[in-house]
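One letter stands for each residue in the lines below.
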Amino acid sequence: MALTHRSYAYEHGGIPNNERLEFLGDAILGKAVTVKLFTENPHLDEGDLAKRRASLVSSVALAVIARSLGLGEFLLLGKGEEGTGGRDKSSILADTVEAIIGAVYLTAGDDVATEFVLRLVQPLLDDPDRSGAAMDPKTSLQEVAARRGAGLPVYAITAVGPDHSRVFTATVTVGDLVVATGKGTSKKQAEMAAALEAWTRLVRRRGTN
């Protein structure tokens, strides 16, 4: 059920979907990350802790995690979502990660669910620059582009699908250094996904941000 999107459930007679699990998983995710950050960063004040938590539980960060696991190919989607690129929509991927966390909690309990969450977010915990970029990728990309003397990133947007189920694709160009794309259910979401991809490529290319 954790992989069942509401579009699939609707097309199959209203079977259970993953939205309730998503609600539960969001709470488990938030608690696990909060306790981890609080325990391991006694020098950080409330504001800094809140910023780090926001970056680790953001839809962009969760979508990055989902893509690293290849989660999209296992989703149960309705024909409409399937046809409009739902398997790579950041919002759907992020919600599914939360649903899986909820399912782990119900199946194995709080301790296992917490351990599972921390394994998922550990790559971002190990790379605070990347987690910060996940929270505000457009600003992070602009900053690294300026340091590389590439000027401001330039975004172009395209969209497909009906008004009620439109998928946006953003392409960002950073001088002659990098071109990256991202998808989302809004222009902002698509631009954020593209910016994070471009930021990641630039950082990996030089080994520094």
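Residues numbered from 1 in each chain as written. Predicted model: local features only at pLDDT ≥ 70, side-chain atom pairs only at ≥ 80, totals over all residues. Heavy atoms only, no water.

For the protein, the count of helices and strands is 10 helices and 3 strands. Seen in sequence order, the protein has helices and strands lined up from the N terminus as α-α-α-α-α-α-α-α-α-β-β-β-α. Since a compact globule built from 209 residues should have a radius of gyration of about 17 Å, the 18 Å found for the protein is in line with a globular shape. Judged by the C-alpha coordinates and their principal axes, the protein covers about 55 × 50 × 25 Å. (Helix = DSSP H or I, 4+ residues; strand = E, 2+ residues; numbered from the N terminus. Rg over C-alpha atoms; globule rule 2.2 N^0.38 Å.)

On to the packing of aromatic side chains. Going through the model one piece at a time under the given rule, you end up with 0 aromatic pairs. Sitting over the ring of Y155, K138 keeps its end group 4.8 Å from the ring centre. (Phe/Tyr/Trp six-rings, centres within 6.5 Å; stacked < 30°, edge-to-face > 60°. Lys NZ or Arg CZ within 6 Å of the ring centre and 35° of its normal.)

It is the contact of helix α4 (residues 59-69) with helix α6 (residues 90-108), at a shortest axis distance of 8 Å, that shows an interaxial angle of 80°. Put simply, α4 runs roughly perpendicular to α6. On α6, the residues touching S59, L62, A63, A66 and R67 of α4 are S90, L93, A94, V97 and E98. Its residues assigned to classes, the contact of α4 with α6 comprises 6 nonpolar, 2 polar and 2 charged. (Axes fitted to C-alpha atoms, helices over the stretch in contact; angles between N-to-C directions. Parallel < 35°, antiparallel > 145°, perpendicular 65-115°, else oblique. Contact = heavy atoms within 4.5 Å. Nonpolar A, V, L, I, M, F, W, Y, C, P; charged D, E, K, R; others polar.)

Side chains of nonpolar character tend, in soluble globular proteins, to be buried together. Of all hydrophobic cores here, the largest spans 52 residues; its most connected members are I101, L141 and V174. Apart from residues no more than four positions distant in its own chain, I101 is found in contact with G25, I28, L29, A113, F116, V117 and L120. (Core = buried A, V, L, I, M, F, W, Y, C linked by side-chain atoms within 4.5 Å. Buried < 20%, exposed > 50% of the residue type's maximum accessible area, 1.4 Å probe, protein only.)

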